[in-house]
Amino acid sequence: MAEMIARWAAAVLLTGVLATVPAGADPIAAFYRNKEITFIVGTGAGGSHDAYARLLARHLGRFIPGNPPVNVQNMAGAGGLRAANYLYNFAPNDGTAIGMFSRNMPLIGLLGGTNVQFNPRQLTWLGSPASFQNDANILVVRKDAPVKSIDEARRHDLPPLVLGGSAEGGIGNDVPIILHDTIGLHVKQVVGFPDNPAIYVAIERGEVHGRTVDLSSLKAAKPEWLKPGSDFRVLVQFARATRHPEFPDVPTARELAKNEAARALIELAELPYAISRPIAAPPNLPAERARALQEAFLAVYRDPQYLGDAAELKLDVSPIDGDEVVRAIDAMTAAPPEFLEYARKLFAETKGGG
């Protein structure tokens, strides 16, 4: 009798639970309803990563069942390594946390090291809001710099170009070193600026001659520098197989490589640029929530509201999906050992900074 009563009570309880869930209800929407997503950004406020993340955060929730709000949390430190370690080890892996990193972070994860505590192959990749196909990394300098052309900038009997860089580990601090090693750029780098705006101020004051920077970032922050007749010039393009249409007279690093070995090193160093600003969720997400996030991520970039906001902010829209990020990581993994060793030493020199 006691067993029969227990079964009857369980049946009544189950009936009551089912009655509260509409037939055909979406379990993804049910999960995300009344929840929020934390979007961790591995850089400080004010840079291009922050701009892309905040724009995406304004729109992403509309395409996730249940429409959860998405809140950006900046977590700068060690060039984004702090954020990558946190997302991998401590963030909830239920679909309520995602993160954006610098393009070199997957490679740093593959190389490993004392402070690297994540495996990029195990993250749940959503994609990247830009693929760099419309972008370039450029060396932009003041016109009153002591050298006036890329040929002069490679001469060691002339004064070096003094370039500004962010705090140790900052994204982009590696490019001047790569250009020094592969095309013979005569350069001195001053690092330690707290953020991109501080570097721009230092350049405008003449404290440094210029910097290497993504074209898309410069367009968003200092578009007047690129106008005809401005006080700035572009000397070389990096992360481009061919010259950018806006700079047909500016050579690429590949064109200026000292030899075939240097050209091969440039090509391999440019691999991370294919993923530009990769976005991931933690490992071991429930498969259906991972798919929901991945599908929502791509849907954003077909949305007129998002496209209009991106155009207003002058942000490039050339997204790639999570599978393309994984393929790029595979290509980095397959790089020759000598490149991986060079990259390991390079990141050690810049204190982990992609």
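Definitions and limits used
Residues numbered from 1 in each chain as written. Predicted model: local features only at pLDDT ≥ 70, side-chain atom pairs only at ≥ 80, totals over all residues. Heavy atoms only, no water. Helix = DSSP H or I, 4+ residues; strand = E, 2+ residues; numbered from the N terminus. Contact = heavy atoms within 4.5 Å. Polar contact = N/O pair within 3.5 Å; in protein donor to acceptor, adjacent residues only side chain to side chain. Expected span 1.5 Å × (residues − 1). Buried < 20%, exposed > 50% of the residue type's maximum accessible area, 1.4 Å probe, protein only. pLDDT = per-residue confidence, 0-100.

**Thoughts on the environment of Lys314**
Reasoning step 1: On the secondary structure map, Lys314 appears in the loop between helix 13 (304-313) and strand 11 (320-321).
Reasoning step 2: Sequence-wise, Lys314 and Val187 are 127 residues apart; in three dimensions their C-alpha atoms are separated by 30 Å.
Reasoning step 3: In this structure, Lys314 is in contact with Ser216 and Lys219, ignoring residues within four places of it in sequence.

**Examining unusual backbone geometry**
One can expect most non-glycine residues to show negative phi and most peptide bonds to be in trans.
Reasoning step 1: Phi angles above zero are rare outside glycine, and Phe132 is one such case at about 75°.
Reasoning step 2: For Phe132, the location among the structural elements is in the loop between strand 4 (124-128) and strand 5 (137-142).
Reasoning step 3: Non-glycine residue Ala239 carries a positive phi angle of around 65°.
Reasoning step 4: For Ala239, the position within the fold is in the loop between strand 9 (232-238) and helix 10 (253-256).

**Thoughts on the side chain of His186**
Reasoning step 1: Tracing the chain through its elements places His186 in the loop between helix 7 (174-183) and strand 7 (187-193).
Reasoning step 2: At a separation of 3.0 Å, a polar atom in the side chain of His186 contacts the main-chain carbonyl oxygen of Leu158.
Reasoning step 3: Beyond its immediate stretch of four places on either side in the chain, His186 contacts Ala153, Arg154, Arg155, His156, Leu158, Pro159, Pro160 and Leu161.

**Here's the deal with helix 12 (residues 287-300)**
Reasoning step 1: When the terminal C-alpha atoms of helix 12 are compared, their 20 Å separation across 14 residues agrees well with the 20 Å that a helix rising 1.5 Å per residue should span.
Reasoning step 2: Every buried residue belonging to helix 12 is among Arg289, Ala290, Ala292, Leu293, Ala296, Phe297, Ala299 and Val300, and all of these are buried.

**Details of the confidence of the model for the chain**
Reasoning step 1: Residues with a pLDDT of 70 or more make up 90% of the chain, whose mean pLDDT is 90.
Reasoning step 2: Here residues 1-21 is modelled with pLDDT under 50, and outside its nearest four sequence neighbours on either side it reaches zero contacts, counting other chains as well.

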